[in-house]
Amino acid sequence: MLLPDRNTIDRLLRSYRTQERLVLARPHDLAARRRFEDTAYTLCVLMGERTAGAAVRAAERYTAPRVPLMKVGGSARSGGVTAD
């Protein structure tokens, strides 16, 4: 499965948030609303979600900092150390 570029998703997410504030401040600005809806649609497509809210949540999870893997007993694990 192809995954979108994290930098692209991060940029789109920041753009979505900026445009969201603009649309809330100027609800009758049709050009601003159109840009906002286009950005929301792009996030939906790239994140494989049907709604803008779900796409934003998925994008936030996708761009969140990764937890580094810990090396335990010669194998990589993401979590705590297990007792042997």
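Note: the structure precedes this text.
In this report, the structure presented in the accompanying data block is examined. Keep in mind that what you see is a predicted model, and the values were worked out from it rather than measured. (Residues numbered from 1 in each chain as written. Predicted model: local features only at pLDDT ≥ 70, side-chain atom pairs only at ≥ 80, totals over all residues. Heavy atoms only, no water.)

1. Overview of the side chain of Q19
Looking at the secondary structure, you find Q19 in helix α1 (residues 6-25). Owing to a relative accessible area of 13%, Q19 belongs among the buried residues under this scheme. Q19 has contacts with R35, F36 and T39, leaving out every residue within four places of it along the chain. (Helix = DSSP H or I, 4+ residues; strand = E, 2+ residues; numbered from the N terminus. Buried < 20%, exposed > 50% of the residue type's maximum accessible area, 1.4 Å probe, protein only. Contact = heavy atoms within 4.5 Å.)

2. Regarding the packing of α1 against helix α2 (residues 30-47)
Closest axis-to-axis distance for the α1/α2 pair is 9 Å, and the angle between their directions is 150°. Crossing of α1 over α2 shows left-handed handedness. Taken together, the residues of α2 that come into contact with α1 (itself represented by I9, L12, L13, S15, Y16, Q19, E20, L22 and V23) are A32, R33, R35, F36, T39, A40, T42, L43, L46 and M47. Residue composition of the contact of α1 with α2, grouped by class: 12 nonpolar, four polar and three charged. (Axes fitted to C-alpha atoms, helices over the stretch in contact; angles between N-to-C directions. Left-handed = near helix turned anticlockwise from the far one by under 90°. Nonpolar A, V, L, I, M, F, W, Y, C, P; charged D, E, K, R; others polar.)

3. As for α1
For α1, spanning 20 residues, the distance from its first C-alpha to its last is 29 Å, which sits close to the expected 28 Å at 1.5 Å a residue. Here α1 has its buried residues at I9, L12, L13, Y16, Q19 and V23. Take α1 and look down its axis: the buried residues cluster within an arc of 135°, on one side only. For α1, exposure combined with an orientation more than 90 degrees from the buried face picks out N7, R14, R21 and A25. Buried residues in α1 make contact with α2 and α3 (52-63). (Expected span 1.5 Å × (residues − 1). Arc of directions from axis to C-beta.)

4. A short note on the packing of aromatic side chains
A full pass over the atoms with the stated rule returns one aromatic pair. Relative to F36, the ring of Y16 lies with its centre 4.9 Å away and its plane at 35°, an arrangement referred to as tilted. In this pair, Y16 sits in helix α1 while F36 sits in helix α2, placing the two residues 20 residues apart along the sequence. The exposure class of F36 is buried, given its relative accessible area of 14%. In this structure, R6 is placed above the aromatic ring of Y62, and the distance from its NZ or CZ to the ring centre is 4.2 Å. (Phe/Tyr/Trp six-rings, centres within 6.5 Å; stacked < 30°, edge-to-face > 60°. Lys NZ or Arg CZ within 6 Å of the ring centre and 35° of its normal.)

5. What to know about the environment of A52
If you trace the backbone, A52 turns up in helix α3. For A52 and T39, which are 13 residues apart along the polypeptide, the C-alpha to C-alpha distance reads 9.2 Å. Not counting residues within four places of it along the chain, the set of residues in contact with A52 comprises Y16, A40 and C44.

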